[in-house]
Each structure stands twice: as C-alpha cells, then as structure tokens.
Amino acid sequence: MSISAILFWVLSVAALFSALMVVTSRNPIHSVIWLIVTFFAISGHYILLNAQFLAVVNIIVYAGAIMVLFLFVIMLMNLNKESEPARHRWLQLAGGVSGGALLLVLVAALKDTELKSQQSLMLEGNTGLIKTLGQELFSNYVIPFELSSILFLSAMVGAVLIGKKD
Amino acid sequence: MVIGAVTLWFILEKVILIASIIGLSFFIAMYTTLAERKIAGWMQDRHGPNRAGPFGILQPLADGGKLFFKEEITPVTSNRFLFLLGPALAMIVALVTSTVIPWGAPVVTSTGIISLQVADVDMGILIVFSVVSVGVYGIMIGGWASNNKFSLLAAIRGASQMVSYELPMSLALIAVLFMTGSLKMSEIVSYQMANGWNIIYQPLGFLIFFICALAECNRTPFDLPEAENELNFGYHQEYSSMKLGFYLFAEYINMFVSSAVMATLFLGGYDIPFVNEANWGLAPWLYSLISFSVLMAKVSFLLFVFIWIRWTIPRFRYDQLMNLGWRKLIPLALFNMVLSAAILLWLKS
C-alpha cells in the first residue's frame, strides 16, 4: 500500500469518526471541537487531491473563523450542561425519517457519479494550485464570481444593519 | 529504502531540520524572556535579574526548573481533557508556523541542494495564516475548560481580538502579494533580493502588519486577555506548573515566529542588505550560515522592538482596541491595498 493510500484511509476513518462524534456528543462544546477535527480531516483529503488552496481556505474560513463564532455563542449562552431535556419520542422518529430521506437522496444522486470519481487524480495535476484557480476564476467564471461577491457584500451589509438596530 | 517517491535520506534530512528549528525556537524563546526582563530593568534604571550565572544568563533555566517542580493543580469542576488540550494546542500552533519560513540560503552540495526550509509549498504564507486562525482555540478551550468566569471572559476577549486583527493583517499582506506575485515564501524572498525590500514599497503595509502581529501575540498594548487589573490573571488563571509554562512560553515562541514572518515578508528574509552576496564566491555552507545569521539579526531587532513597545506604551481599553482594529486599521489597509494595486497597474501599462 502506498503512502497516499494509507493517508487516505486514515483521513477517511478520522473524518467519519469525528463526524459521528459531532452528532452523538451530548456536550455542545465537544460537538464543536469534533466538527473542527472533521474540517481538518477533509482538508487533508483536499491536500491528497493537490487542491492546496481549497485545503488552506477550508481551514482559515471554516475551522478558523466560523467555528470560533460557534464556540462564542455556545460559551456565552452557557450551553455546557451535559443533561439536556429529554426529547419527545415522535420528534426522534421525525429526525430519523428525515435524516434517512436525505441519505437516500444523496446515495441516489451519487451512485451514478462513480465513473467520475475514478478519474480524480491523486498527488498530481495542478488544477488545485492558486495560479490555475485564479486564471480560471477571472477568465471563464468571472461573471459568477463577481455575482457571488456582490451577494456576499449585500449579506455583510445586511448583517451590520441588523446588528446596529439596538 | 524507498517509501513512494520519498527516500530515507530525505526523511532524515527533514527530521533533523525540524528538530533543529524546534530547538532553536525554544532556545530563542527562553532567552527572549531574559531579554524582556533585562530590557525592562534597563528602561526602569535597575539591574534586572543578575543572580543566576554571570549577568543572569542562567535565569531562564532557573525559571523553567521552578515551573517544572511546582505543584500541578487541576480544578475539580473543569473538563480534564480539554483543560490539558488548551496549553498543548497553544504550543503546537506556535511551533507549526515555522515550517514554511526559509531560514537561510539553500546549501548546494555535491549530492544535491539542501533547503533550509521544511516545506516550500505553493501556499506558503497562507499556511501561516491558517495556523494563526487556528491559534485562537488554545486560548478559548483553555479559558472555557477552567470553569472560571474570569478565564472565560478573558478567553472570549482574546478570541475576538485575534479574529478582528486577522482581517487588517491579511489585507496588508495582499498588497505585498500584488508585488511579489507568489505565495511561496522562497519566491517572496528572492523577489526582494532582486528588487529591494518590501518595506521600502510598503511602509504603511508593514506598520499595519506589525500592529496586528502585536495584537495576535497578545502583547502590550493589546494584552487584554491577561489584563491583571480587570481579570485577575486572564485566561490561564486556573493553570499551574508547566501547563502555565506552556501558555507563557507559547507567547514568546509566537513572538519569535511572527518576527521571522515579518522579516521574511518585509525585510528581505535572509537577504544581506546593500551588497550583492552572489559575487563573493563563498563556500555554499558559509554563505548559508551568513544568510541565516542575517535573518536572526533581523528577528532579534524585531523582538527588541516588541519588548521596547511593551515597556513604553500602556494597555488599551477594550473599546479602543476594537475601534482601532475595525474603524482605523481595516480602512487604512484597504486604502493601502487599492493604492498599491492602482500604482502597479499604472506602472505596468
């Protein structure tokens, strides 16, 4: 087994295990920390595919910024009590059914893409490097790129406006 | 033995390099603590520590030994694992950043080139920023797991301060990247060797970056997470023994690494100023040694400025800190970015 195959399996197990721990942890702070571990494992997968920029940005934005805000809210609201109020039986059932439905949809959507996934190159190719990415974004995809930046800007202005109300 | 495309010799070379960089970081951090106290003494017209060894040069060892032998107390109510994870994370994150810094000119030998950089990756400086953005967790997890209101308040202060000052820092960085055109640390250095140091073209960018580095390292005047008169001791209040030592030590390693990053980005890295060292015809190992010493001289100067500021400027109030970050530094950094872009476009056309 080559080094990249070993890394792939280690990262996959880490990602799946930490993702399961996010859902099953009773303490919300532990959930957030397991979610950070999940992001790191996924970033490792990006690096295996040589998508370095995506890997780094995933850590900066998700693990470094968004998760800090999650921790902020949980710490300030003092949601650290291990004992949560017991949920209703039918609520658990509804959760199970909707989660299962989502799984079904995802499996149905992904089962035909098997051919494509085999074509993804490991440890080679420069599609994920910042030069290729920048040239693609500012030539072929410049209109979607600029549109999404306007969307982000308006969301930011909206957030500031809501924050200023009181 | 060959694992994939990697030879055993390559692994050995990198392991030695990593070990020596970690050793160097610890050594410099140790002596920065002494320098801090000596310079404080000098500025306040007193001797500073002078008991352990001649001129007090054994003082850091005495301090470290003291911390090791102190009783270790874990508060009963705290979360044991997270309580341990906090200082460990602070230390790991402080050390990891040094992987992408080129510590000197590569040594050319008969068998190949030995790079004095652990990893010269395409993302270079962005790796530094991703590690910095993860650095918040050491403080936050430690402060929360202490189960102390003062620690929690200090941790939240520290985290919001670090998140706020990352923004102007990255905006100041973008102006540098406009000029160098690469994220690779080695290429940023070689650009500066050919075209002059970035601080000449980006003085405002350097100033913003330096102020943000002060805030990221929780140094005075931005040391609000450990403001003693408001928060007793700050986020590491419940810590004792070497766990406290890790937090205090991580601060000095952070100072060292951020000085090295600033020297690489703005002060030409290992470039020797005013001369063209390529014409000297020195032996490659000697040239690498000299370039490494030059980088260390720049780092030492920046460390001195860090300490100098600590004993000169009083601490900011929290609202002043946030005002400075969001209302002054971010617009200033944006202005710097737009101006640099406009001038570069004008020069190119």
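Residues numbered from 1 in each chain as written. Chains lettered and ligands numbered in written order. Predicted model: local features only at pLDDT ≥ 70, side-chain atom pairs only at ≥ 80, totals over all residues. Heavy atoms only, no water.

### Comments concerning the overall build of chain A
Reasoning step 1: The helix and strand tally for chain A stands at seven helices and zero strands.
Reasoning step 2: Scanning chain A from its N terminus toward the C terminus, one meets helices and strands in the order α-α-α-α-α-α-α.
Reasoning step 3: Counting every position in chain A, which comprises 166 residues, the buried fraction comes to 22%.
Reasoning step 4: For chain A, the proportion of contacts with a sequence separation of at least 24, taken over those separated by at least 6, is 60%.
Reasoning step 5: Just so you have it, chain A exposes about 12200 Å², and 74% of that area is on carbon and sulfur atoms. (Helix = DSSP H or I, 4+ residues; strand = E, 2+ residues; numbered from the N terminus. Buried < 20%, exposed > 50% of the residue type's maximum accessible area, 1.4 Å probe, protein only. Contact = heavy atoms within 4.5 Å. Areas by Shrake-Rupley, 256 points an atom, 1.4 Å probe, with all protein chains shown as cover.)

### Here's the deal with the packing of helix α9 (residues 203–216) of chain B against helix α13 (residues 318–348) of chain B
All names here are of chain B.
Reasoning step 1: Their axes nearest at 10 Å, the elements α9 and α13 cross at an angle of 150°. With respect to α13, the axis of α9 lies roughly antiparallel. The hand of the α9/α13 crossing is left-handed. Along the contact surface, α9 presents Leu 204, Gly 205, Ile 208, Ile 211 and Cys 212, while α13 presents Leu 329, Leu 332, Ala 333, Phe 335 and Asn 336.
Reasoning step 2: Each residue belonging to the contact of α9 with α13 can be placed in one class, and the counts come to eight nonpolar, two polar and no charged. (Axes fitted to C-alpha atoms, helices over the stretch in contact; angles between N-to-C directions. Parallel < 35°, antiparallel > 145°, perpendicular 65-115°, else oblique. Left-handed = near helix turned anticlockwise from the far one by under 90°. Nonpolar A, V, L, I, M, F, W, Y, C, P; charged D, E, K, R; others polar.)

### Quick word on the interface of chain A and chain B
Reasoning step 1: Counting residues at the interface gives 23 residues for chain A, matched by 23 residues for chain B.
Reasoning step 2: In terms of surface lost to chain B, no three residues of chain A exceed Val 56, Phe 72 and Met 75 of chain A, which account for 27% of the buried area on that side.
Reasoning step 3: Taken together, the links from chain A to chain B amount to zero salt bridges.
Reasoning step 4: Viewed at the interface, chain B and chain A are joined by two residue pairs in polar contact (both at pLDDT 80 or more).
Reasoning step 5: Put simply, the parts of the chain that give the side of chain A that touches chain B at least two residues each are α2 (28–48) and α3 (52–76) of chain A.
Reasoning step 6: Ranked by the residues each element gives to the side of chain A that touches chain B, the list is headed by α3 of chain A, at 13 residues.
Reasoning step 7: Here the side of chain A that touches chain B is built from residues that sort into 18 nonpolar, five polar and no charged. (Buried area = accessible area lost by both parts, 1.4 Å probe. Salt bridge = Lys/Arg side-chain N within 4 Å of Asp/Glu carboxyl O. Polar contact = N/O pair within 3.5 Å; in protein donor to acceptor, adjacent residues only side chain to side chain.)

### Focus: unusual backbone geometry
All names here are of chain B.
Reasoning step 1: We note that Asp 45 has phi near 60°; this positive angle belongs to a residue other than glycine.
Reasoning step 2: Mapping Asp 45 onto the fold places it in the loop between α1 (8–43) and α2 (59–69).
Reasoning step 3: For Asp 45, a relative accessible area of 74% puts it in the exposed group.
Reasoning step 4: One non-glycine residue, Phe 55, adopts positive backbone phi at about 55°.

### Some words on the packing of α1 of chain B against α2 of chain B
All names here are of chain B.
Reasoning step 1: Look at α1 against α2: their axes get within 8 Å of each other, and the N-to-C directions meet at 110°. Accordingly, the angle class assigned to the pair α1 and α2 is roughly perpendicular. Considering only the axes of α1 and α2, their crossing is right-handed. Note on element contacts: α2 touches α1 through Gln 59, Pro 60, Leu 61 and Asp 63, opposite Met 30, Tyr 31, Thr 33, Leu 34 and Arg 37.
Reasoning step 2: Tallied by class, residues from the contact of α1 with α2 come to five nonpolar, two polar and two charged.

### Topic: the domain arrangement of chain A
Reasoning step 1: The domain boundaries assigned to chain A delineate domain 1 (1–80) and domain 2 (129–166).
Reasoning step 2: On a C-alpha basis, the centres of domain 1 of chain A and domain 2 of chain A stand 24 Å from each other. (Domains from an automatic or database assignment.)

### As for the environment of Ser 288 of chain B
Residue and element names in this part refer to chain B.
Reasoning step 1: Locating Ser 288 in the fold gives a position in helix α12 (residues 284–310).
Reasoning step 2: With 185 residues separating them in the primary sequence, Ser 288 and Trp 103 have C-alpha atoms 9.0 Å apart.
Reasoning step 3: If we skip the residues at most four places from it in the chain, Ser 288 touches Ala 105, Pro 106, Val 107 and Leu 116.

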